[in-house]
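Read off the chains here:
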Amino acid sequence: MPEIHYATSTGPVNIATLKYWGKRDKDLNLPTNNSISVTLDQNDLKTLTTASCSESFKEDHLWINGETYSLETPRSIQVLKDLRSLREELEISNNELPKISQFKLHIISENNFPTAAGLASSAAGFAALISSVAKLYKLPTDYSELSKIARKGSGSACRSLFGGYVAWEMGNLENGEDSKAIQIADRKHWPTMKAAILVVSDMKKDVPSTSGMQLTVKTSDLFQYRINEVVPKRYIEMKESILNKNFQKFAELTMKDSNSFHSVCLDSYPPIFYLNDTSKNIIKLINLLNEAAGKLIAAYTFDAGPNAVIYYEEENQDYVLGMLYKFFDKLDGWSNDKFNPANAKIFDSFPLSSLDKEIYSQGVSRIILTQVGEGPVETDDVLIDLETGLPK
Ligand code: DP6
């Protein structure tokens, strides 16, 4: 049996606080605006991937949690082609290196979060795939360079190549060479940022982001205002709020940008609805909480679906999770290690008694308590059976 070469890396989930919505080039996944996100802790949400290659493999193949998936999609083909050509350049410049660039790849991935949670896992998936293949191919670890490849897999995936607070600079070049992720600040700069994800159950299949974006770009008048007037200023302000650890500003901009993104969805023709009644109730609860606190202590944001992500600082945890626990105490995902309900605090002015718990606690299926985290990490795990070349 010919040798199997392999390497393993992880990839994190990121949740945007300034949303990417709109492409100026669909094939290269070039966006119409800059965006910003927070990378989440991989102890709670991550993809672990072993990339392997061998002369004996017959085709490129992907397994996620034991199920097989095709790598013959235009986006995956492009990503693998880019990685192979970087390896080929290395092989040409250094004759000693084994010639593995044209070997077929077996990519084996595991997510540590339930697929049923309905969380977009493609960002973590592409980040883990690209960093594991980059390690296998011994490519230089310039993550901004690699982020351009991730971008072609899925736009938002480029931001998962970094930990902490990350920007995706849209760039201006037609070939996309300047459209890449950069780190605004690492996790340690502002380590007290927490996130609670409320997984909202919804039977309806959402409009996929790619086609939703296309429709918005084509039909929404409001969209032009968003990308030309709103986002450029907000991008500068949000970066500043992160560098200054100014949660008031960060929270305001995050909520406004979520609202702005869902407004251009509604302004698309026909309209796209990602928020449902449960999402709207969560928005109300967060607004009431902030009012009762007399300042912003929690910020909601929603992607292309009804799930809510609530950012807050550790110092306000007892109030933010205290309020969420009042309504969502029955959910899977609470753990005493992360939050002891005995510490729950409710502001005197929070109008708890006037809110019908029956109504407000409905429609959420799980809570994930997490925080700002690191970028991809190379590990010694081996997900491949080195005898068979298949998942262990
Ligand atoms: C609402 O990155 O999933 O989550 O580039 O077509 O793969 P493609 O889209 P995708 O879109 C994410 C949109 C968003 C906002 C964001 O993450 O910035």
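Remember, predicted model here, so these are calculated numbers, not experimental data.

**Considering the domain arrangement of the protein chain**
Right, so step 1: Per the domain assignment, the segments making up the protein chain are domain 1 (5–185) and domain 2 (193–371).
Right, so step 2: Spacing between the C-alpha centres of domain 1 and domain 2 amounts to 27 Å.
Right, so step 3: Tallying the contact residues gives 24 residues for domain 1 and 29 residues for domain 2.
Right, so step 4: Elements supplying a minimum of two residues to the side of domain 1 that touches domain 2: β2 (14–18), β5 (35–39), β10 (165–169) and β11 (180–185).
Right, so step 5: Ranked by the residues each element gives to the side of domain 1 that touches domain 2, the list is headed by β2, at three residues.
Right, so step 6: Of the residues in the side of domain 1 that touches domain 2, the class split is 14 nonpolar, six polar and four charged.

**Considering the sheet that holds strand β8 (residues 67–69)**
Right, so step 1: Here six strands make up an open sheet; going across it, the order is β8-β7-β9-β6-β1-β16 and the pairing mixed. The outermost strands of the open sheet, each flanked by one partner alone, are β8 and β16 (378–379).
Right, so step 2: Here strand β1 (residues 5–12) pairs with β16 via two bridges, running antiparallel. Bridge pairing links Thr8 to Thr379 in β16.
Right, so step 3: Against the sheet, helix α2 (residues 122–136) contacts β1, β6 (46–54), β9 (104–111) and β16, and its axis sits at roughly 145° relative to β1.

**Structural notes on the sheet that holds β11**
Right, so step 1: Sheet architecture is open: four strands sit in the order β2-β5-β10-β11, paired in antiparallel fashion. In this open sheet, the two strands that pair with only one neighbour each are β2 and β11. Geometrically, the sheet is characterised by an average inter-axis angle of 35° between neighbouring strands, direction not taken into account.
Right, so step 2: Examined bridge by bridge, β10 and β11 share five bridges and lie antiparallel to one another.

**Concerning the packing of α2 against helix α3 (residues 143–153)**
Right, so step 1: Relative orientation of the contacting elements α2 and α3 amounts to 135°, with a least axis distance of 10 Å. For the element pair α2 / α3, the angle class is oblique. Crossing of α2 over α3 shows right-handed handedness. From α2, Phe126, Ala127, Ile130, Ser131 and Ala134 reach across to α3, where they touch Leu146, Ile149, Ala150 and Gly153.
Right, so step 2: In terms of residue class, the contact of α2 with α3 is made up of seven nonpolar, two polar and no charged.

**Overview of the site of the ligand**
Right, so step 1: Residues in contact with the ligand amount to 14 residues; listed here are only the nearest, Ala16, Tyr20, Ser154, Gly155 and Ser156.
Right, so step 2: For the shell around the ligand, the class distribution of residues is five nonpolar, seven polar and two charged.
Right, so step 3: No fewer than three residues from each of domain 1 (5–185) and domain 2 (193–371) sit in the shell around the ligand.

**Some details on α2**
At 3.6 residues per turn, the α-helix brings residues three or four places apart onto the same side.
Right, so step 1: Counted at 1.5 Å a residue, the expected span for α2 with its 15 residues is 21 Å, and the 21 Å between its end C-alpha atoms agrees.
Right, so step 2: Most of α2 is tucked away, with 13 of its 15 residues classed as buried.
Right, so step 3: Following α2 by one or two positions, Lys138 adopts a phi angle in the positive range, close to 55°.

**Observations concerning the pairing of β5**
Right, so step 1: Burial runs high along β5: five of the five residues are buried.
Right, so step 2: Burial along β5 is two-sided: the face carrying Ser35, Ser37 and Thr39 and the face carrying Ile36 and Val38 are both buried.
Right, so step 3: The pairing of β2 with β5 spans four bridges and is antiparallel. When the bridges of β5 are listed, Ile15 appears paired with Val38.
Right, so step 4: Both β5 and β10 contribute to a ladder of four bridges, which runs antiparallel. Counted as the bridge partner of Val38 is Tyr165 from β10.

Rules of the game
Residues numbered from 1 in each chain as written. Predicted model: local features only at pLDDT ≥ 70, side-chain atom pairs only at ≥ 80, totals over all residues. Domains from an automatic or database assignment. Contact = placed C-beta atoms within 7 Å. Helix = DSSP H or I, 4+ residues; strand = E, 2+ residues; numbered from the N terminus. Nonpolar A, V, L, I, M, F, W, Y, C, P; charged D, E, K, R; others polar. Pairing = 2+ DSSP bridges. Axes fitted to C-alpha atoms, helices over the stretch in contact; angles between N-to-C directions. Parallel < 35°, antiparallel > 145°, perpendicular 65-115°, else oblique. Left-handed = near helix turned anticlockwise from the far one by under 90°. Near = placed C-beta within 6 Å. Expected span 1.5 Å × (residues − 1). Buried ≥ 20, exposed ≤ 12 C-beta atoms within 10 Å, placed from the backbone.

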